[in-house]
Amino acid sequence: RITVRIANADASQLQFTLSVNNFTFTALVEVETFVELPNGSTFTASNARRYRYVSDSIERDAIVLVMSSIDDSALDETYPTALYQTADYPAITPAIAGQPIAFPVGTAVKVPCRLLALQTLWDGALRQPEWLYGVCQLEWQSFAITAVNTGAKTFGISGDRTALLNVGDSIWVFDPASRTVITNEGKYTVAARSFGSGTTTITVNETIGSATVAASVNIPPRVLNLYRNGRLINKTEYTIEVMDNGAGQVPATIGDFSTGATDWSASAGGTGTATLASGTANVSGDGGVVNFGSIFLQSGRGVGVQQRRNTYAPWRITCTGTGAAWIADTTTGFPITGNGSLVRPGSPARLLIRRGGATNDLRCRITTSTAGVTGTNLTFDNWSIDQPAVPLLMVRFTREQRDPGGALYTIDADVFGYRSRNVVDEIQRIIEGAALGVETSSFASAATYASDNRMLIDCDHGARGVRKRRAIIEDLLYIARGSIATDAFGEYTITQDREPTLTAGTYDEAAGDLIEVDSMTRQNLVKTVELAYRPSSVQPEELLHTIKRDVFGASGIGVQRRDCPYLRDHEAADRLLCYLQVRALKPRRARGKLYLQRPVLGYSITLANPKFTVALTGGVFNGVLRSQRHGRLGIDFEAIEFADVDDYTPGTLPGDITEAYEPDYSQTPPAAPTGLRITALAGGRASVDAIPPVENWQELWFVITHNTNGQIMGLILGDYSATTGRASTIIGGLTAGQVYKLQAYAKNAYLLQGLLQSTFDATAIGGGAAVTTFTA
């Protein structure tokens with residue numbers, strides 16, 4: 001906060017404004033300071049920043065304004081700012097309201113999924129319930145379609161995009177720059193993908209209706225895995241859906257059910273009725289197949305209110321009366337299967353409607369047909385389609401996620417967001433998201449350097465609550481080896497500690513150069529630098545790996561340790577640790593003011609001054625300009641001692657390092673083994689083997705029990721052969737003529753026992769077909 005005094009002679013208009021208005025403003029304020037150099041010269045230096053008016057007072061000779069820094073307050077806001085609100089999702093519980101909507105960058109683990117809506121869909125003559133959970137903010141990756149093959153059911157896009165696509169993933173085809181329905185628009189499932197001759201070919205399961213090349217393949221963030229109370233959920237139990245922001249507002253005249261054939265039409269069959277009057281719609285019916293009333297929007301009236309096909313949007317409508325009806329995007333007598341939603345009285349009703357129509361204009365139909373309620377008499381008013389406050393990635397279940405006791409399961413997701421993992425790009429995004437400006441050339445240069453030195457981050461913004469933007473940026477700057485400051489225009493610049501390629505010059509204050517060296521400091525000589533990183537997939541608050549390097553060894557004091565929850569990449573972590581080691585060996589810093597020059601951050605600077613550099617070799621300080629505050633006549637600078645920070649020497653990583661993403665199997669029992677069989681049976685000994693589960697197993701156990709008294713005759717850990725892909729053992733102590741049962745099961749890395757396999761195949765010893773018991 002600063003106080004600015006403005007003389008009355010210079011501010012008569014401002015004084016008038018303050019006296020007659022409820023005064024608020026935002027301004028770029030230049031704060032001036034007067035500096036006298038050692039040679040007696042006096043200079044005026046200034047720094048420009050944006051400030052917001054707080055209060056004022058009028059004195060006899062001046063107006064006094066109290067201002068607060070906009071930049072400081074903006075970076076002190078919490079992030080992410082998007083929250084789950086009852087105004088957007090009336091069905092959410094009070095515990096969910098106000099919780100942040102996560103925004104993943106790279107791999108984010110255990111993102112909490114929030115129950116948004118339970119609604120009933122049209123499914124032919126049946127009613128199909130669905131439960132929709134919000135996962136994270138939706139951000140598309142879009143690639144223009146370059147080829148279409150209807151016979152092979154393929155789309156082609158330029159470049160190698162195979163890393164973005166897995167078999168089973170959902171993709172959407174639409175034009176990201178337009179709301180117009182285009183050829184082949186809709187949702188598709190990836191059956192295969194390959195790259196060759198500069199093109200990624202995507203094979204889909206669904207039929208492609210036209211060979212016309214149009215629009216783009218759009219890929220949402222990927223749900224890597226879903227968990228129910230900590231256990232992995234089979235991917236067949238849910239589908240990936242999106243609530244997109246592609247719906248425009250419904251004109252008020254249409255949403256108010258204006259009468260006449262121009263906008264709405266009414267139809268009925270049998271005893272049902274449908275009427276339009278006084279800006280409302282009324283439908284009635286007895287729930288029969290033909291005795292219904294129906295109101296539908298006329299063709300051409302929904303142009304511009306374009307909701308993309310196979311995406312959800314929030315439809316809002318006031319509904320009063322008795323019974324139930326269907327509301328859907330269709331002009332037919334029935335809603336499209338899986339898209340129409342059941343609406344009951346309750347003003348207003350808000351439904352998440354998935355569009356299924358293929359026409360260029362959005363269609364709305366309200367009908368009582370087969371609603372299953374006798375005596376339906378409903379009045380509708382004020383139909384609209386809301387723009388979602390935040391587009392969402394969602395998961396959809398068709399059965400309720402409650403435990404046997406009736407409590408809702410906790411649903412979590414591991415998600416991969418496709419936003420750039422370059423640490424500088426993420427710093428820039430967060431600053432610009434606070435409506436602050438950045439000096440683009442410094443950020444572009446820093447992003448290139450970060451890319452060259454593998455400064456990759458993974459952020460789970462909002463998964464475990466909100467943080468201040470400033471705190472997030474500080475953590476990211478540590479990884480980027482950087483610092484930020486505002487320049488003379490109030491824009492943020494970034495500088496990194498790296499080897500300079502350009503020289504600012506040599507300066508000697510004692511010789512009269514226009515420089516003031518205020519201080520030279522040296523940090524403690526540390527013994528060891530240490531870095532903890534990679535959040536655990538079981539407990540994301542815990543960091544799995546710690547790496548360290550010696551600096552001054554026995555001569556140093558203590559350990560310089562840093563936790564980096566935004567680091568998952570092992571090379572990125574090791575490169576950062578190598579930098580910390582090199583930097584710790586060169587810990588000197590110089591601070592001062594340089595007048596009449598503004599060298600670019602990252603330039604090298606040499607200081608020659610016996611007062612400060614007498615203890616240095618050669619009596620000079622060779623450094624790199626790390627940070628600056630720009631003034632009208634120069635800069636306040638900090639220079640850090642020159643070091644070979646660009647030279648990376650790979651270190652030793654922990655022995656249990658794995659590069660690939662791994663799901664959390666801690667509470668998920670392994671699947672049952674397969675191919676259980678007896679390969680030999682003689683002399684009271686049985687040779688057995690089995691194929692372990694495909695994943696989530698560490699040990700495979702065999703057990704033989706007496707079929708009558710249940711006595712365990714053998715419980716033995718099998719030996720696994722990578723050559724055969726089987727685990728085997730020999731179980732002895734069996735008695736001829738007795739009947740035994742053979743079973744097998746796996747244990748995972750957390751020693752959680754999996755499902756039993758109780759059926760074995762005895763054909764290997766001539767025992768006939770698969771049986772569940774055997775005679776020794």
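Residues numbered from 1 in each chain as written. Predicted model: local features only at pLDDT ≥ 70, side-chain atom pairs only at ≥ 80, totals over all residues. Heavy atoms only, no water.

**Brief notes about the overall build of the protein chain**
Reasoning step 1: Looking only at helices and strands, one finds 8 helices and 50 strands in the protein chain.
Reasoning step 2: The 776 residues of the protein chain split such that 50% are buried.
Reasoning step 3: Long-range contacts, defined as pairs at least 24 residues apart, comprise 72% of the intrachain contacts of the protein chain with a sequence gap of at least 6.
Reasoning step 4: With the model as given, the accessible surface of the protein chain reaches about 33,500 Å², and the carbon-plus-sulfur share is 50%. (Helix = DSSP H or I, 4+ residues; strand = E, 2+ residues; numbered from the N terminus. Buried < 20%, exposed > 50% of the residue type's maximum accessible area, 1.4 Å probe, protein only. Contact = heavy atoms within 4.5 Å. Areas by Shrake-Rupley, 256 points an atom, 1.4 Å probe, with all protein chains shown as cover.)

**Things to note about the packing of helix α4 (residues 423–433) against helix α5 (residues 440–452)**
Reasoning step 1: Two elements in contact, α4 and α5, have axes separated by 7 Å at closest approach and are oriented at 145°. Note on element contacts: α5 touches α4 through F443, A446, A447 and A450, opposite V423, V424, D425, I427, Q428 and I431.
Reasoning step 2: The class makeup of the residues in the contact of α4 with α5 is 8 nonpolar, 1 polar and 1 charged. (Axes fitted to C-alpha atoms, helices over the stretch in contact; angles between N-to-C directions. Nonpolar A, V, L, I, M, F, W, Y, C, P; charged D, E, K, R; others polar.)

**Topic: unusual backbone geometry**
Reasoning step 1: Of the consecutive residues Y79 and P80, the connecting peptide bond is found in the cis state with omega at 0°.
Reasoning step 2: Within the secondary structure, P80 is located in the loop between β5 (78–79) and β6 (103–112).
Reasoning step 3: Even without a glycine there, the phi angle at R481 is positive, about 60°.
Reasoning step 4: Taking relative accessible area as the criterion, R481 reaches 5% and is therefore assigned buried.
Reasoning step 5: Unusually for a residue other than glycine, L751 sits at a positive phi of about 60°.
Reasoning step 6: With respect to the helices and strands, L751 occurs in the loop between β49 (739–747) and β50 (774–775).
Reasoning step 7: Note on L751: relative accessible area 54%, which makes it exposed.

**What about the sheet that holds strand β30 (residues 459–461)?**
Reasoning step 1: Across the sheet, 5 strands lie side by side as β16-β15-β29-β6-β30; this open sheet has antiparallel pairing. Pairing within the sheet leaves two strands with one partner each, and these edge strands are β16 (231–232) and β30. (Pairing = 2+ DSSP bridges.)

**Let's talk about the pairing of strand β25 (residues 349–354)**
Two faces make up the sheet, and in a regular strand the side chains alternate between them.
Reasoning step 1: The buried fraction of β25 amounts to 6 of the 6 residues, a majority that puts the element mostly inside the structure.
Reasoning step 2: Residue alternation in β25 divides its side chains into two sets, A349, L351 and I353 and R350, L352 and R354, and both sets are buried.

**Things to note about the nonpolar core**
Reasoning step 1: One finds V423, V424, I427, L476, L531, L567 and L576 to be the most contacted residues of the largest nonpolar core, which totals 50 residues.
Reasoning step 2: Every element with two or more residues in this core is listed here: α2 (70–75), β6, α4, α5, α6 (469–480), β33 (492–496), β36 (528–535) and α7 (570–585).
Reasoning step 3: With 8 residues, the single largest contributor to this core is α7.
Reasoning step 4: The contacts of V423, once residues within four sequence positions are left out, are A450, M455, I457, L476, I479 and A480. (Core = buried A, V, L, I, M, F, W, Y, C linked by side-chain atoms within 4.5 Å.)

**Side note on the sheet that holds strand β11 (residues 170–174)**
Reasoning step 1: What the 6 strands build is a closed barrel, ordered β9-β10-β13-β12-β11-β14; its pairing is antiparallel. Sheet twist, expressed as the mean angle between neighbouring strand axes with direction ignored, is 45°.
Reasoning step 2: Of the strand pairs in this sheet, β11 and strand β14 (residues 216–219) are connected by 3 bridges, and their pairing is antiparallel. Paired with V173 across the two strands is V217, which belongs to β14.

**Let's talk about the pattern of salt bridges**
Side-chain pairs of opposite charge can arise where the charged atoms are in close proximity.
Reasoning step 1: Under the criterion given, the structure shown has 35 salt bridges.
Reasoning step 2: Between E237 and R228 there is a salt bridge, with the nearest N and O atoms lying 2.5 Å from each other.
Reasoning step 3: Judged by its relative accessible area of 14%, R228 falls in the buried class.
Reasoning step 4: Each of the salt bridges in this network shares a partner with another, and the network as a whole consists of R454, D569, E571 and R575. (Salt bridge = Lys/Arg side-chain N within 4 Å of Asp/Glu carboxyl O.)

**What to know about empty space enclosed by the protein**
With a probe scaled to a water molecule rolled over the atoms, the places where space remains empty come into view.
Reasoning step 1: One pass over the structure, following the stated rule, counts 3 cavities of 30 Å³ or more.
Reasoning step 2: Looking at the largest cavity, its volume works out to about 60 Å³.
Reasoning step 3: Every residue along the wall of the largest cavity is listed here: F103, P104, Q137, E139, Q141, P221, G417, Y418 and R419.
Reasoning step 4: Here the residues of the lining of the largest cavity sort into 4 nonpolar, 3 polar and 2 charged.
Reasoning step 5: Lining the second largest cavity, in full, are N453, R481, R575, C578, Y579, V645, D646, D647 and Y648.
Reasoning step 6: Looking at the lining of the second largest cavity residue by residue, the classes come out as 4 nonpolar, 1 polar and 4 charged. (1 Å grid on protein atoms, 1.4 Å probe; cavity = no way out; pocket = protein on both sides within 12 Å on 5 of 7 lines; lining within 4 Å. Points joined across faces, edges and corners; volume = space filled by probe spheres on them.)

**Focus on the packing of aromatic side chains**
Reasoning step 1: One pass over the full model with this rule turns up 11 aromatic pairs.
Reasoning step 2: Ring geometry for Y84 versus Y89: centroids 6.1 Å apart, planes at 55°, classification tilted. Side by side, Y84 and Y89 carry an identical accessibility label, which is buried.
Reasoning step 3: Centre to centre, the rings of W697 and Y720 are 5.1 Å apart; their planes meet at 70°, and the pair counts as edge-to-face. Taken together, the residues span a long stretch of sequence, with W697 in the loop between β44 (685–691) and β45 (699–706) and Y720 in strand β47 (residues 719–721) at a distance of 23 residues. (Phe/Tyr/Trp six-rings, centres within 6.5 Å; stacked < 30°, edge-to-face > 60°.)

**Considering the side chain of T495**
Reasoning step 1: Tracing the backbone shows T495 in strand β33.
Reasoning step 2: Filtering out sequence-adjacent residues up to four positions away, T495 remains in contact with R481, G482, S483, L601, G602, L625, R626 and S627.

**Description of the pairing of β33**
Reasoning step 1: Most of β33 is tucked away, with 5 of its 5 residues classed as buried.
Reasoning step 2: With burial as the criterion, each face of β33 is covered, one bearing Y492, I494 and Q496 and the other bearing T493 and T495.

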